[in-house]
Amino acid sequence: MMILHAPTLYRMTKDDLGELYASVSMRSFALGIVGIFIPIFLYKQGWTLTYILFFFMLFFMYSLLSAKYLGEYATKYGSKHLMAVSFAFSFASLAFLSIDQSLLVVFCIVAPLYAVAESAYWLSNHIILTEAKESGHVGGAIAKLNILVGLFSALGPLIGGIIGERFGLRTAFIVALLVLIVALRPLFVTREGISSGTFDLKKLEKDKGLFHDMLILGVGTISNAVVVVFWPLFIYSRTGGLIKTGLIVAISLTVTTLACWFAGHLSDNNKGRKVRRIGAILWAFAAISMVLSPSIILLGLSNATAHVSQMLSVVPRSATVISHAFSEYRIEYMTVMFMSIQFFKVLFMTIMVIVSQQVSETQVLNMGVLFGGATALVYYYSFSRKQKYPEVVK
């Protein structure tokens, strides 16, 4: 029986990051088995594209509404306990989705459970990584995490595609649920730690670059919503098979490992801005290439390029955001950044739901992929400059 240790005051060590790497890797494998297939799964159940887009709009809206409460939970109980919450809600959401795909269940039960799961994971993951910045190697820590996530995520879609093709996607859901249970254990090898203090968004009033960062991060991460929602459906519409779709995504995720290492190394050597700009331009180019690809092979190459460019943008971006999360309000800062991300995703998905009722499904998917490439160009612009920690008022 696994026991969750009581919170104690301590500073994060390499062992804690090791626990994060191990647990998140297995989680990535579990969700990779079914994650990219969720929109495809709903589509194969007879859902229209409009309903699928509406589901993800609800998902991002629930994420926005739950963020503040999850930030308070992290302050009170610790970030690793918050990550444990994300695992529990991931398990529940996948279980409900595998059992019942009715509109009522998916919109009212699966969407909020899935939203809390992903929100808790994003917040806890970034809060834990804020401790790595004091070593001066935050880019390397983020790169290592993304490399492991990429490798284990690459196995998921291929295996999920094979299982889904031969035994049905419900079987793939069962396998993912079992792996999720195992993935929770490494997270609590050592004791959890929390910082003293209370959750108070008023602490952010001293942060003069907050709204600038919120705008850049919020608009830029619309492209990540496109990766989750539109890319799987777009690739499936071109290939027509789960195995081919899983193989393309698996290959793309594998080749991102070198890009992660490259971006992390340069971020720690004050060259993150240049890498981020290269990634932004390459992402926009890759999006156009995906839409214009006349064959599956070229589609695979374009998707691989898109994933590489995503890492070139995301690793330096995350390193910058984490470096801006000063110790006295790091949880509040990450919470507000996350809320900004979800706000712009909700806005984008609302627009796409309306558009999907006016044009064909093919046109909607093409527009989604292209719009993701366009919003990625926002990362060409810099975040606010913050050179040192503000003074702590005692």
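About the cut-offs
- Counting from 1, residues in each chain are numbered in the order their sequence is written.
- In view of the model being predicted, local features appear only for residues whose pLDDT reaches at least 70, and side-chain atom pairs are presented and counted only at 80 or more, with totals across whole chains, interfaces and linings using the full set of residues.
- Values reported for side chains reflect all heavy atoms of the structure, with hydrogen atoms and water molecules removed beforehand.
- Buried Ala, Val, Leu, Ile, Met, Phe, Trp, Tyr and Cys residues that are joined via side-chain atoms within 4.5 Å together make up what is termed a nonpolar core.
- Exposure is judged per residue with a 1.4 Å probe applied to protein chains only, and the accessible area is read against the type maximum: over 50% gives exposed, under 20% gives buried, and values in between give partly exposed.
- Secondary structure elements are defined from DSSP: runs of H or I of at least 4 residues count as helices, runs of E of at least 2 residues count as strands, and each element is numbered from the N terminus.
- Any two residues having at least one pair of non-hydrogen atoms within 4.5 Å are treated as being in contact.
- A helix's residues, less one, multiplied by 1.5 Å, set its expected span.
- Working definition for bend: take the seven residues up to and ending at a residue and the seven starting at it, fit an axis to each, and measure the angle between the axes.
- Axis definition: a line fitted to C-alpha atoms, limited for helices to the stretch in contact. Angles are taken between N-to-C directions and run from 0 to 180 degrees.
- Reported orientations rely on four angle classes, namely roughly parallel under 35 degrees, roughly antiparallel over 145, roughly perpendicular from 65 to 115, and oblique for the rest.
- Residues are grouped as follows: Ala, Val, Leu, Ile, Met, Phe, Trp, Tyr, Cys and Pro are nonpolar; Asp, Glu, Lys and Arg are charged; all remaining types, including Gly, are polar.
- Under this definition, polar contacts are N or O atom pairs within 3.5 Å; protein pairs additionally need one hydrogen-donor-capable and one acceptor-capable atom, and for neighbouring residues in sequence, both atoms have to be side-chain atoms.
- Any pair of Phe, Tyr and Trp rings, taking the six-membered ring for Trp, is counted once the centres come within 6.5 Å. Such a pair is stacked with planes under 30 degrees apart, edge-to-face with planes over 60 apart, and tilted for the rest.
- Whether a charge lies above a ring is judged from NZ of Lys or CZ of Arg, which has to be within 6 Å of the ring centre and within 35 degrees of the ring normal.

S.K.: Looking at this model, I keep getting lost on the nonpolar core. Mind explaining?
M.R.: A general feature of soluble globular proteins is that nonpolar side chains tend to end up buried together. One finds Leu-53, Phe-55, Phe-56, Leu-94, Phe-230 and Met-349 to be the most contacted residues of the largest nonpolar core, which totals 74 residues. Broken down by element, the residue count for this core peaks at eleven residues, all from helix α9 (residues 222–239). When sequence neighbours within four positions are dropped, the list of residues in contact with Phe-230 reads Leu-53, Ala-225, Phe-348, Met-349, Met-352, Val-364, Leu-365, Gly-368 and Val-369. Counting 29 residues, the second largest nonpolar core, distinct from the first, contains Ala-74, Phe-199, Leu-217 and Phe-338.

S.K.: How should helix α3 (residues 49–77) be read in this particular structure?
M.R.: Along an α-helix, residues three or four apart share an orientation, since each turn contains 3.6 residues. The terminal C-alpha atoms of α3, which comprises 29 residues, lie 40 Å apart, in line with the 42 Å expected from a rise of 1.5 Å per residue. Taken as a whole, α3 carries its principal kink of about 40 degrees at Ala-67. Note on α3: the residue one or two positions beyond its end, Gly-78, has a positive phi of about 105 degrees.

S.K.: Help me understand the environment of Ile-216 in this model?
M.R.: Turning to its location among the elements, Ile-216 is positioned in helix α8 (residues 210–220). The buried category is assigned to Ile-216, whose relative accessible area is 8%. Residues Ile-216 and Ile-341, 125 residues apart in the sequence, show an inter-C-alpha distance of 9.4 Å.

S.K.: Just checking my understanding: could you explain the packing of α9 against helix α12 (residues 296–323) for this structure?
M.R.: Close contact between α9 and α12 brings their axes to 12 Å; oriented N to C, the two are set at 170 degrees. On the basis of the axis angle, α9 is roughly antiparallel to α12. Between α9 and α12, the residues in contact are Asn-224, Val-227, Trp-231, Phe-234, Ile-235, Arg-238 and Thr-239 and Ile-296, Leu-299, Asn-303, Ala-306, His-307, Gln-310, Val-314 and Arg-317, respectively. Of the residues belonging to the contact of α9 with α12, the class tally is eight nonpolar, five polar and two charged.

S.K.: Honestly, the side chain of Ser-293 in this entry has me stumped. Any pointers?
M.R.: Here Ser-293 lies in the loop between α11 (272–292) and α12. A distance of 3.2 Å separates a polar atom in the side chain of Ser-293 from a polar atom in the side chain of Ser-302. Aside from chain neighbours lying at most four places away, what touches Ser-293 is Arg-238, Leu-298, Leu-299 and Ser-302.

S.K.: Where do I start with the packing of aromatic side chains in this structure?
M.R.: Each pair of aromatic rings is reported with the distance of its centres and the angle of its planes. In total, this model carries 13 aromatic pairs according to the counting rule given. Taking 5.0 Å as the distance between ring centres and 50 degrees as the angle between the ring planes, the aromatic pair formed by Phe-59 and Phe-60 counts as tilted. In this pair, the class of Phe-59 matches that of Phe-60, namely buried. Taking the centre distance of 4.7 Å and the plane angle of 25 degrees together, the rings of Phe-59 and Tyr-114 count as stacked. One end of the pair, Phe-59, is in helix α3; the other, Tyr-114, is in helix α5 (residues 103–130), and 55 residues separate them in sequence. Assessed through its relative accessible area of 13%, Tyr-114 is described here as buried. Taken together through their ring pairs, the aromatic side chains of Phe-55, Phe-56, Phe-59, Phe-60 and Tyr-114 make up a single cluster. The residue whose ring lies beneath Lys-68 is Tyr-69, and the NZ or CZ to ring-centre distance is 5.9 Å.

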